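Next come the chains, spelled out residue by residue.
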Amino acid sequence: IDLDTIDVSNLNRQFLFQKKHVGKSKAQVAKESALQFCPSANITAYHDSIMNPDYNVEFFRKFMLVMNALDNRAARNHVNRMCLAADIPLIESGTAGYLGQVTVIKKGMTECYECQPKPAQKTFPGCTIRNTPSEPIHCIVWAKYLFNQLFGEEDADQEVSPDTADPEAAWNPEDTAARATASEQDGDIRRVSTKEWARSTGYDPVKLFNKLFKDDIMYLLTMDKLWKKRKAPAPLDWQQLENSAHPQEESPVTSGLKDQQVLDVWGNCRLFRHSVETLRTQLQEKGEGAELVWDKDDPPAMDFVTAAANLRMNIFSMNMKSRFDVKSMAGNIIPAIATTNAVIAGLIVLEGLKILSGELESCRTIFLNKCPNLRKKLLVPCILDKPSPNCYVCASKPEVTVKVNVQKTTVLCLQDKILKERFGMVAPDVQIEDGKGTILISSEEGETETNNNKFLSDFGIRNGSRLQSDDFLQDYTLLINVLHTEELERDVEFEVVGEAPDKAPPPQTTQEEVNSITNGNKDSAQPSTSSKAAADDDDIMIVDSDEEVGAPSSSAAPPTATKRKHQEDSETGETSTKRPRTDQSAADNDDDDDIIALD
């Protein structure tokens, strides 16, 4: 099952797709390729999303085993819950560069994918993006917002003009209000619609440039308190840059791959102009009211974000980046290597054979490391952890406590930000445990839409209230205890009580000797399927998504770990977790971690 189509960037990370397949269904081509070397296989390809309600619990129960190769947390959470509801074993996997991981999840026997808290996906305060960027990723996020404001679907949360309400920008609240009023009067600084303003200029690249990289920056400089302890930005002027550009700079001759070259300021100016002209033409061809969708694999869109981000980096005294680097960060691309994916795919099959042979107890979590450990092993197997009694997914009665300001949190925020985004529900139904069974949210379209913009307090929800949220597709019920607070940090809408993703799990007192066989199998176990499995060739469901075997998961971890170090990838924002050796005496002589769990 895979909704994606094959892109050129997919070709170097696996062996099923070729150049002639670009643009075709991944699932269908994978089926055709597999049948070439195993014609007797019974494979059904679905060009579809695993989140489709058609793939309900009954659908999952048709299979003896599910194999995950997903690249996003929402889909992984969903499949995890569907397999728990159907009581079907799930093999979870992931790769990132030279690192990889495979683990088995079985209801009641092992940790589920959501037993261990995952680090929150990194976001940035709006005032940092709009006023005081300090890292290249801030400028890249700003450039993606700018693309949507100019050419795509406008979002009030993705504003790019100076943020006059920044608490750092004014000496006192009255000054903040005064600045906001002043900006309302300055028609160019604070615009009702960035897109309307751009249209009024005919999407003139030079006018856009001077507005974004000169006028807005000069306005930021008037917020002098921002620059007391920071280096002030330096505005750019198109005419000055054009006058100072040397003729030979129009067509620079440099060595190396084009996408890995770092353009100078004038080179980014010309790239900005060319991309705006191209995107303007695309909008005109689509007709009145049309919108473009940003895609990292769309050259004009990628050129625009590269140029805009680099120009902003230069303004804020950062080193500019190559198009390749910007694409990696803007597209959240995790490096993928075909051999790593092949090793992990092979380990998935080996764990699958154990399950089909009825040997679940011999399954292991297996980590693929970049360098051999002291035992000369690249593959490190670990026993599977038991389910967490505090898991809000696989516990007998899932329950969480959430801090919110009930007077400021809307029903729509509860539905979209808390239940769907944070707790991974697809179609939640929520009722208040108030003795009346008041329905707050219904998954039936339009039934409770009038509640969306009302605050939780409007329904009598206060400190200590309890909500019951049901997702019938996932066969999942979650009880939510509400704690009212007025002390959340700025830009924080809610907080899950007791959530500590950087906290290590408590050390275990028991230890099982790691099997010397790299796939964690018993010496006597034979990798053959059972007669029961042979009776039905369509017992395994493989769920795939996007470009690789997905970002590695951390649903299972070495049981004797006593320390976790979180390392954040500067380009992707993904977090990896290194766990030390289980053999303490050997660890004393070696600084390198043998077991790497990736979130």
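Residues numbered from 1 in each chain as written. Predicted model: local features only at pLDDT ≥ 70, side-chain atom pairs only at ≥ 80, totals over all residues. Heavy atoms only, no water.

An unreviewed UniProt entry lists the protein chain under the name SUMO-activating enzyme subunit 2, from Poecilia reticulata. Turning to the protein chain, the UniProt record has this under Sequence similarities (unreviewed entry): "Belongs to the ubiquitin-activating E1 family." (UniProt positions renumbered as here; feature names shortened; annotations may be inferred.)

Take the pairing of strand S8 (residues 438–441) next. When strand S7 (residues 429–432) meets S8, the two strands line up antiparallel, connected through 3 bridges. Considered in S8, the bridge of glutamine 431 is made with isoleucine 439. Hairpin connection, S7 to S8: the antiparallel pair is bridged by 5 residues, and glycine 435 has positive phi, about 90°. (Pairing = 2+ DSSP bridges. Helix = DSSP H or I, 4+ residues; strand = E, 2+ residues; numbered from the N terminus.)

Quick look at the UniProt feature "active site" (unreviewed entry) in the protein chain now. What UniProt calls "active site" (unreviewed entry) maps, in this numbering, to Cys127. Along the chain, the position of cysteine 127 falls in helix H4 (residues 126–130).

What follows deals with the sheet that holds strand S6 (residues 399–404). Ordered by their spatial adjacency, 6 strands build an open sheet running S8-S7-S9-S10-S6-S11, and the pairing between neighbours is mixed. In this open sheet, the two strands that pair with only one neighbour each are S8 and strand S11 (495–496). Note: S7 against strand S9 (residues 466–471), 4 bridges, orientation antiparallel. Bridge assignment links isoleucine 432 to a residue of S9, and that residue is leucine 467. The sheet strands contacting helix H14 (residues 411–422) are S6, S7, S8, S9, strand S10 (476–484) and S11, and the helix crosses S8 at an angle near 70°. (Contact = heavy atoms within 4.5 Å. Axes fitted to C-alpha atoms, helices over the stretch in contact; angles between N-to-C directions.)

With that out of the way, let us pick up the pairing of S6. The side chains of a regular strand alternate between both faces of the sheet. Burial along S6 is one-sided: Val400, Val402 and Val404 are buried, while Glu399, Thr401 and Lys403, pointing the other way, are not. As paired elements, S6 and S10 share 6 bridges and run parallel to each other. Looking across to S10, one finds that lysine 403 is bridged to leucine 483. Summarising the sheet, S6 and S11 pair through 2 bridges and their orientation is antiparallel. Bridge assignment links lysine 403 to a residue of S11, and that residue is glutamate 495. (Buried < 20%, exposed > 50% of the residue type's maximum accessible area, 1.4 Å probe, protein only.)

Take the packing of aromatic side chains next. Two numbers describe a pair of aromatic rings. These are the distance of the centres and the angle of the planes. Under the counting rule described, the total for this entry stands at 18 aromatic pairs. When the ring of tyrosine 55 is compared with that of phenylalanine 59, the centres are 4.9 Å apart and the planes differ by 55°; the resulting orientation is tilted. Like phenylalanine 59, tyrosine 55 is buried. Through a chain of ring-to-ring contacts, three or more aromatic side chains come together here, namely Trp142, Phe147, Phe151, Tyr203, Phe209, Phe213, Trp238, Trp266, Phe272 and Phe304. Arginine 312 extends its terminal NZ or CZ atom over the ring of tryptophan 142, reaching a point 4.3 Å from the ring centre. (Phe/Tyr/Trp six-rings, centres within 6.5 Å; stacked < 30°, edge-to-face > 60°. Lys NZ or Arg CZ within 6 Å of the ring centre and 35° of its normal.)

This paragraph deals with unusual backbone geometry. Residue aspartate 87 is not a glycine yet carries a positive backbone phi of 55°. Assignment of secondary structure puts aspartate 87 in the loop between helix H3 (73–86) and strand S2 (90–96). Take aspartate 87: its relative accessible area is 39%, and that puts it in the partly exposed class. Positive phi, close to 50°, is recorded for tyrosine 203, a residue that is not glycine. Of note, tyrosine 203 is situated in the loop between helix H7 (194–200) and helix H8 (205–221).

On the surface, Glu153, Glu154, Asp155, Asp157 and Glu291 cluster together into a patch of negative charge. Tracing the chain through its elements places glutamate 154 in the loop between helix H5 (136–150) and helix H6 (173–185). Exposure remark for glutamate 154: the relative accessible area of 35% places this residue in the partly exposed category. (Patch = residues over 30% accessible without salt bridge, like charges linked within 9 Å, V, L, I, M, F, W, Y side chains within 5 Å. Areas by Shrake-Rupley, 256 points an atom, 1.4 Å probe, with all protein chains shown as cover. Salt bridge = Lys/Arg side-chain N within 4 Å of Asp/Glu carboxyl O. Lys, Arg positive; Asp, Glu negative; His and termini not counted. Charge placed at Lys NZ, Arg CZ, Asp CG, Glu CD.)

This paragraph deals with the nonpolar core. Core analysis: the biggest nonpolar cluster contains 56 residues, and Trp142, Phe151, Phe209, Phe213, Phe272, Phe304 and Val305 have the highest contact counts within it. Looking at this core, the elements that each hand over two or more residues are H5, H7, H8, helix H9 (238–244), helix H10 (265–286), helix H11 (299–315) and helix H12 (323–330). Take this core: its biggest share by element is 10 residues, from H11. By size, the runner-up hydrophobic cluster in this structure holds 49 residues, among which are Tyr392, Val411, Ile461 and Val482. (Core = buried A, V, L, I, M, F, W, Y, C linked by side-chain atoms within 4.5 Å.)

So, about the environment of threonine 448. Here threonine 448 shows up in the loop between S8 and S9. Considered as a pair, threonine 448 and valine 411 are 37 residues apart in the sequence and their alpha carbons are 9.8 Å apart. When near neighbours in sequence (up to four residues on either side) are disregarded, threonine 448 contacts Ile439, Leu440, Ile441 and Ser442. A polar atom in the side chain of threonine 448 sits 2.9 Å from the backbone nitrogen of serine 442. (Polar contact = N/O pair within 3.5 Å; in protein donor to acceptor, adjacent residues only side chain to side chain.)

Turning next to H11. An ideal rise of 1.5 Å per residue puts 24 Å on 17 residues; H11 measures up with 24 Å between its terminal C-alpha atoms. Residue serine 317 follows H11 closely and has a positive phi angle near 60°. (Expected span 1.5 Å × (residues − 1).)

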